[in-house]
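Chain by chain, the residues:
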There are 2 protein chains.
Amino acid sequence: MLTAEIIAIGSELLGSSRTDTNSLWLTDQLNRIGIDVKLKTIVGDDDARLEEVVKDAVKRSRVVMTTGGLGPTEDDITRKVVARALGKRLSLDEKVLEEIRERFRSFGIANMPERNSRQAMVIAGAEVLSNPNGSAPGLYLEHEGCAVALMPGPPREMKPMFENHVRARLEKLAGDTRFATRVLRVSGLGESAVDEKIAPIYTKYENPQTTILFNSSEIEIHLKAHGRTEADAEALIDDLSLKIEKELGNSAFSFRGETMEEVVGRRLAMTEFTLAVAESCTGGLIAQRLTSVPGSSKYFIEGVVTYSNESKTRLLGVDKKLIKEFGAVSQQVARDMARGVRHRAKTDFGLAVTGVAGPGGGTEDKPVGLVYIALADSAHTEHKKLTIPGDRELVRWRASQAALDMLRRRLI
Amino acid sequence: MLTAEIIAIGSELLGSSRTDTNSLWLTDQLNRIGIDVKLKTIVGDDDARLEEVVKDAVKRSRVVMTTGGLGPTEDDITRKVVARALGKRLSLDEKVLEEIRERFRSFGIANMPERNSRQAMVIAGAEVLSNPNGSAPGLYLEHEGCAVALMPGPPREMKPMFENHVRARLEKLAGDTRFATRVLRVSGLGESAVDEKIAPIYTKYENPQTTILFNSSEIEIHLKAHGRTEADAEALIDDLSLKIEKELGNSAFSFRGETMEEVVGRRLAMTEFTLAVAESCTGGLIAQRLTSVPGSSKYFIEGVVTYSNESKTRLLGVDKKLIKEFGAVSQQVARDMARGVRHRAKTDFGLAVTGVAGPGGGTEDKPVGLVYIALADSAHTEHKKLTIPGDRELVRWRASQAALDMLRRRLI
C-alpha cells in the first residue's frame, strides 16, 4: 500500500483560528484509491523549514501532496522551495504565462499584473496542471520514485485540480486495494440512542469499520470498507448500510452524504409539490439552505423573513390579536405564519419558524433556544416546540434542521 | 523570539473526519507568551516517522510540544520514540508507578492493569508532570537548548497540564517578547491589486509581518507584530495598519476581523437607519447573513425571497411589463425590487439582488454569473451589474457580498 504525506503551506494556517480543511478532503480521496496518509505537516511561508519538510517527505513517502503557496505574492514560496528541495531548476514557461495573461484578458484586464508572471514558473520535468478556477496552475512530477503534486490552497481550486489531473495519475501508481466510504446521517435521535440501536449490528463487522460522529445538529455514521476492487468494497458497505438503515427507519435521512436540504429538495421535486417558507429567528437560513440546491426554483416559490410583528401581519396575515395575546414566539403565531405563507404563495406546503435565537431577547417564560416550527398543507397544520441549547448560530442551525426534517417526514 | 513546533501523535488524527484542535489552542497559548509556532506535524503511531520528526524539530526549534501517544497501549509510542530521538535512556520510575497504582486504587481498582506500568517510564533528565485528569503523566525536559514537553492527547487532560506545568516553564525561557495580531478585510479589489497598492508599505516592515490572503470573496490582510510588551506590539500594528488603511481607503472595510454583515450592521445601528432586503438568486443568503448578527432586529425589518415572477409582482410590486420586456434578471427589475421592498416595509433602505446563480438557467444573453444588485433610499436608486465567475455557491456568496458592500459604501 502506497504511503502519502500532505504538506499544507501558508503562515495563515499556523494561526490559532484557521484549520486546514484541504487535508481532510485529500485524505479521503487518497484513502479511496488505496493510499495511506502517514503524515501531515503545516508549515508557514518559511523557506528553510519547508525545504527540510519536502526533502524528508520525498525520501520516506511514495506520494507527496502540497497545498497552498502558489499565489502571485512574495509569500508564495512553494514552487521555488520545492524546486530547491528536489535539486531541480525552475524556469519561466512562456505557454503558461500566455494562459495566465489570457485569463486576465477574459476578465477584461488587458495587462496582467507583473507579479502574476511568478505563477508561470515551472519546475524542470514537471507537468503543468491547469486551473480553470484561479490564476495558479498546479505542478505534477515524479522524483526518485515519489509522486509530487503542487496544488493551490483554495479548496475550490484544489479539489477540481485533484479530481481532473492528480487522481488518475495516482491510481496508476496505487496497488490493488480499493477503499469505499459512506456517510449516513441521522436526525431526531441522540448519539447514545443511535449507538444503542446499531452497536449490536456494526460490532459484528471488522470490515467495514464503523465510526459514529456528532456534527452540530446531526449524527453521522461513517462506514469504511476495503476490498480488491471498489465494487467489492462498495458491496461490503451496501450490506452493512442496509442493516443499519433498517434499524434506524425514518431517522436515517441521508445515505450518501446528502444534506437535509438536498433530501427535502429531491422529495419535493419528485412529488411536484411546492413550498413557501416564513422565517423569524432563522432569518432566511431555511430559504438559503433550500435555494443552495441547484434546480430549487422548481419547488421553492418564495420565502419571507418577518423580523418585525408588523411584517408578520402585513406579509403573512398573522392576526395581530394572536401576537398580542400569545407573543410572536408562540405555537399560535408559528401555525398562523405557516398557513399564511402557504395561502399567499399558493403553494402545497407552508413552513414556518419563530423563536428566540439569543443571545438577547430571552425571558423567564420564553428563554433563548425556545423555538416553534409549524408546517401547513391544504388539510391541516402541525407544530412542534423545541428547546435548543447553544449559541445563536447553533439555535438557528438546529431550528432550520428541525423544520426541514418536519417537512421531510411529512413527504415520506 | 522563540520558535516552536507542535507534534500531534495518533493514527486517529490522520483520518478524513477528525481535526486536531489541540494545536489551535496550544498555538494561541504559545503566541500569547511570545512564542512563534513555525510548524505543525500530525503523525500516526509510526515509530520511524515520529523519530525523524522529533529529531528535526529539536534541531531547528527552541520549543517542541507533543500531544498524544502517552496511553497504556502498544500504539502509544511517544515516550519510547522521543527517548530514542533524543538519544536518552528510558526507565521505570517507581514513584510514578506508585502514583498510577494509587490512582487506580482511588477508583476502586486494587490491581492496576499491567500495561499501565508503561506510563511510568520516564526519559532520563525529564521532570514528570502530574495529570489529575487521566492516567498518563506528562514529561518535560530541556535538550540541547530545546524545551520539550510531552502531553496527553485528550484536551481535558492536555489543557490543565499545559496551564499548570508547562506555561510557567516556557515563560521563563520566552523572556520579554509578546505578540499581537490583527486581520484587515478588503472588498472591491483583487488580490494582486491590493498587493500592488500596499506592498510598497508593508515590505518596509519586518515587524509587523504581513500576509495577504484571498478568502472566497474577500481579501484578508493579516498583521502580526512582536514587542517587549503587548502594548508595544499593538502600537506597531496600529502604525502599519493606519498606513495600509489610508492607502486602501473605503476598500478596507474591517479592521479587527469583523465580517461584512457585522460592519454593515454596526453602521445601520449607529445611524438608526432600517433595511429591507429582496432576494432572488441569493435565496435568503443576505437576510441570513444580516440576521446572524446579534441585535440585528433593530435595523433588519424584513426580507423576501422572490423566486418566482409572480412573487416579485405580488410581494414587491414589480411591474409585470418590466419583467416581460427586460426579464427577471435585469437592472430594471433589480431597481424595482429595491424600491418595492423599501416602500412596502417602510424602511430607509431597500437592497435587492437578481441574477443567474447556475448551474442551469443561463442563456447567451444572460449567462450564469450575471447578477444585478440595486439599492434604494428615499432620494434615489443605484444599481450595479456584476459578472461573477464560479459555481452556484460562489456566485451567491459574492453577489451577497457585493450587495452588502454597496450598502456599506452608501452608509459611509
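Here the structure is a predicted model, which means the values were calculated and not measured. (Residues numbered from 1 in each chain as written. Chains lettered and ligands numbered in written order. Predicted model: local features only at pLDDT ≥ 70, side-chain atom pairs only at ≥ 80, totals over all residues. Heavy atoms only, no water.)

Focus: the overall build of chain A
Working step 1: The number of helices and strands found in chain A is 13 helices and 17 strands.
Working step 2: Overall size of chain A, expressed as C-alpha extent along the three principal axes, is 80 × 60 × 40 Å.
Working step 3: By sequence separation, contacts in chain A at least 24 residues apart represent 68% of the contacts at least 6 residues apart.
Working step 4: In the structure as shown, chain A presents an accessible area of about 17200 Å², 48% of it carried by carbon and sulfur atoms.
Working step 5: One finds the centroid of the 58 positive side-chain charges in chain A at a distance of 4 Å from the centroid of its 58 negative side-chain charges. (Helix = DSSP H or I, 4+ residues; strand = E, 2+ residues; numbered from the N terminus. Contact = heavy atoms within 4.5 Å. Areas by Shrake-Rupley, 256 points an atom, 1.4 Å probe, with all protein chains shown as cover. Lys, Arg positive; Asp, Glu negative; His and termini not counted. Charge placed at Lys NZ, Arg CZ, Asp CG, Glu CD.)

Thoughts on the packing of aromatic side chains
Working step 1: By the definition in use, this model includes 6 aromatic pairs over all chains.
Working step 2: For the ring pair Phe273 of chain A and Phe349 of chain A, a centre distance of 5.4 Å and an interplane angle of 85° mean the geometry is edge-to-face. With Phe273 of chain A in the loop between helix 8 (260-271) and strand 13 (275-279) and Phe349 of chain A in strand 15 (residues 349-355), the pair connects residues that are 76 residues apart, well separated along the chain.
Working step 3: Judged by centre distance (5.5 Å) and plane angle (90°), the rings of Phe300 of chain A and Tyr307 of chain B are edge-to-face. With one member in each of two chains, Phe300 of chain A in strand 14 (residues 300-306) and Tyr307 of chain B in the loop between strand 14 (300-306) and helix 10 (309-316) form a pair that bridges those chains. Here the two residues Phe300 of chain A and Tyr307 of chain B agree in accessibility, since each one is buried.
Working step 4: Sitting over the ring of Tyr140 of chain B, Arg169 of chain B keeps its end group 5.3 Å from the ring centre.
Working step 5: Of note, Arg289 of chain B hangs over the ring of Trp397 of chain B, and the distance from its end group to the ring centre comes to 3.8 Å. (Phe/Tyr/Trp six-rings, centres within 6.5 Å; stacked < 30°, edge-to-face > 60°. Buried < 20%, exposed > 50% of the residue type's maximum accessible area, 1.4 Å probe, protein only. Lys NZ or Arg CZ within 6 Å of the ring centre and 35° of its normal.)

Notes on the interface of chain B and chain A
Working step 1: Opposite the 70 residues of chain B that make contact, chain A presents 68 residues.
Working step 2: Scanning the region where chain B abuts chain A turns up 8 salt bridges.
Working step 3: Here Arg49 of chain B makes a salt bridge to Glu5 of chain A, at a shortest N to O gap of 3.8 Å.
Working step 4: Applying the counting rule to chain B against chain A returns 35 residue pairs in polar contact (both at pLDDT 80 or more). (Salt bridge = Lys/Arg side-chain N within 4 Å of Asp/Glu carboxyl O. Polar contact = N/O pair within 3.5 Å; in protein donor to acceptor, adjacent residues only side chain to side chain.)

Observations regarding helix 7 (residues 230-248) of chain B
All names here are of chain B.
Working step 1: The end-to-end C-alpha distance of helix 7, which contains 19 residues, comes to 26 Å, matching closely the 27 Å that a straight helix rising 1.5 Å per residue would cover.
Working step 2: All of the buried residues in helix 7 are Ala233, Ile237, Leu240, Ser241, Ile244 and Leu248. Angular distribution of buried residues about the axis of helix 7 spans 105°; they occupy a single face of the element. Away from the buried face of helix 7 by more than 90 degrees, exposed residues Ala231, Leu242 and Lys246 are located.
Working step 3: At the C-terminal side of helix 7, Gly249 shows a positive phi close to 60°. (Expected span 1.5 Å × (residues − 1). Arc of directions from axis to C-beta.)

Remarks on the domain arrangement of chain A
All names here are of chain A.
Working step 1: Taken as a whole, chain A is organised into domain 1 (2-173), domain 2 (178-254) and domain 3 (260-411).
Working step 2: For domain 1 versus domain 2, the distance between C-alpha centres works out to 34 Å.
Working step 3: Contacts between the two partners involve 6 residues from domain 1 and, on the opposite side, 4 residues from domain 2.
Working step 4: Both sides of the domain 1 and domain 2 interface together cover about 470 Å² of buried area, and 40% of this is carbon and sulfur.
Working step 5: At the boundary of domain 1 and domain 2, one finds 0 salt bridges. (Domains from an automatic or database assignment. Buried area = accessible area lost by both parts, 1.4 Å probe.)

Observations concerning the sheet that holds strand 16 (residues 370-376) of chain B
Working step 1: Read from one edge of the open sheet, 10 strands run 17(A)-16(A)-15(A)-13(A)-14(A)-14(B)-13(B)-15(B)-16(B)-17(B), paired in mixed fashion. Whereas interior strands pair on both sides, the edge strands pair on one side only; in this sheet they are strand 17 (381-387) of chain A together with strand 17 (381-387) of chain B. Neighbour to neighbour, the strand axes of the sheet diverge by 10° on average, direction disregarded.
Working step 2: Relative to strand 16 of chain B, strand 15 (residues 349-355) of chain B runs antiparallel, the two being bridged by 6 bridges. (Pairing = 2+ DSSP bridges. Axes fitted to C-alpha atoms, helices over the stretch in contact; angles between N-to-C directions.)

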